[in-house]
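Here is how the chains run, residue by residue.
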Amino acid sequence: MLSGIPELVVGIVSIFKGIPEISIGDILASNLSDISIVVLIPSFIAGKLSLKGVAKTSILYMLSISGIVMTLFLLLGSINRFAGLLLIVFYFFSIHFLWRQNHISELIRHETDPLISSYNVKKNLLKLSGSMLIVILSGGLVVTISEFLATQLGVFSGMIGALVISLGTSLPELSVGINAARRGSTDLAIGSAVGSVFSQALLVLGVVATCSSTAINLRPFLTVLPFVLMLYGYFGYRIYKSGEIRFKDSIVLVSIYLVFYISHFIKIVPDVLKNF
């Protein structure tokens, strides 16, 4: 869940720059990559990603809520401050509920253990603080560069967020997944990916909508909806049926993601060619 910080930083910066579309594109595409590309390498390393300490019911809960939120607002075509505030409240309510049920306490413990188990806690905290500073500074730079690219190439800024920024903001989840697979903690690999999806769909989207002075138009992103339904549906089905994601399952997930990426990339090619 801590790995969702890059998306949050991009969201806040894009709002203050008046281009929330960049953040929306990043959120939507990162959601897709987190349950496809991010599980590919860990599932290859481990053979399959199985749920152990992290309860299957909590993963299905977070995945279902995220899918419903994404689908609902894409169909509505916009999101305003009130809706954003509701998402933030519901996010923290859900975290409190899952924590009391002891469903996510192990996931959070796994994510923070590397910081507190070492003999040099102060050194690890300094590293974390430095990393956070780099994320904040790079977040502003990434949004600025994306705005410049969108202007120069004559493409919708939201597509830059979806096709470019999202690949970078998904790297922390991928790193957690790979390290977890190497340690044999395959439940953490799934939990980190789905936890990030959940925090983006509720917390990050909620913060972006709440900080925006006007309702954010989501209609340009409606073409993402079929891929949301396919990826969430298949991922959820595999978890529900067997409680695991096998390597061949991750191949299916990545294939769906690649269709999304290539189809949306092709759409912006004519606009790019017009500016050359």
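Conventions adopted
- Residues numbered from 1 in each chain as written.
- Predicted model: local features only at pLDDT ≥ 70, side-chain atom pairs only at ≥ 80, totals over all residues.
- Heavy atoms only, no water.
- Axes fitted to C-alpha atoms, helices over the stretch in contact; angles between N-to-C directions.
- Helix = DSSP H or I, 4+ residues; strand = E, 2+ residues; numbered from the N terminus.
- Parallel < 35°, antiparallel > 145°, perpendicular 65-115°, else oblique.
- Left-handed = near helix turned anticlockwise from the far one by under 90°.
- Contact = heavy atoms within 4.5 Å.
- Nonpolar A, V, L, I, M, F, W, Y, C, P; charged D, E, K, R; others polar.
- Buried < 20%, exposed > 50% of the residue type's maximum accessible area, 1.4 Å probe, protein only.
- Arc of directions from axis to C-beta.
- Expected span 1.5 Å × (residues − 1).
- pLDDT = per-residue confidence, 0-100.
- Patch = residues over 30% accessible without salt bridge, like charges linked within 9 Å, V, L, I, M, F, W, Y side chains within 5 Å.
- Areas by Shrake-Rupley, 256 points an atom, 1.4 Å probe, with all protein chains shown as cover.
- Salt bridge = Lys/Arg side-chain N within 4 Å of Asp/Glu carboxyl O.

Caption draft 1: The arrangement of the packing of helix α1 (residues 5-16) against helix α10 (residues 186-211) in detail. α10 packs onto α1 with a crossing angle of 15 degrees between their chain directions and a minimal axis gap of 9 Å. When the axes of α1 and α10 are compared, the pair comes out roughly parallel. Note on packing geometry: the crossing formed by α1 with α10 is right-handed. Along its contact with α1, which presents E7, L8, G11, I12 and I15, the element α10 presents Q200, V204, V207, V208 and C211. In terms of residue class, the contact of α1 with α10 is built from 7 nonpolar, 2 polar and 1 charged.

Caption draft 2: Focus on helix α3 (residues 37-46). Turning to α3, its buried residues are V38, V39, P42 and S43. All buried residues of α3 lie within an arc of 105 degrees about the axis, which places them on one face of the element. G47 lies just past α3 and shows a positive phi near 90 degrees.

Caption draft 3: Summary view of helix α2 (residues 20-34). Relative to the 21 Å expected for 15 residues at 1.5 Å per residue, α2 spans 21 Å between its end C-alpha atoms, a close match to the ideal helical length. Of all the 15 residues making up α2, 14 are buried; the element is thus mostly covered by neighbouring parts of the structure.

Caption draft 4: Highlighting the confidence of the model for the protein chain. In this model, the protein chain carries an average pLDDT of 84, and 83% of its residues clear a pLDDT of 70 or more. Helix α6 (residues 105-116) is the least confidently modelled element of the protein chain, averaging 50 in pLDDT, while strand β2 (residues 78-79) averages 96, the highest of any element. Predicted confidence is poor over residues 114-119, with pLDDT under 50, and the contacts of this stretch with residues over four places away or in other chains come to 6 contacts.

Caption draft 5: How the structure looks around a nonpolar patch on the surface. Together, I41, F44, I45, F247 and I251 line one region of the surface with nonpolar side chains, adding up to about 430 Å² of accessible area. For the nonpolar patch, the secondary structure elements donating two or more residues are α3 and α12 (247-274). Top element by residues in the nonpolar patch is α3. It accounts for 3 residues. Here I41 lies in helix α3. Accessibility expressed as a relative area gives 38% for I41, which makes it partly exposed.

Caption draft 6: Focus on the pattern of salt bridges. Tallied over the entire structure, the rule returns 3 salt bridges. For D249, the salt bridge identified is with R238, shortest N-O distance 3.2 Å. You can see D249 sitting in helix α12 and its partner R238 sitting in helix α11 (residues 225-242), a full 11 residues away along the chain. Classification of D249 by relative accessible area gives buried; the value is 0%. You can call R238 buried: its relative accessible area is 8%. Across the pair R246 and D249 runs a salt bridge whose closest N-O atoms are separated by 3.1 Å.

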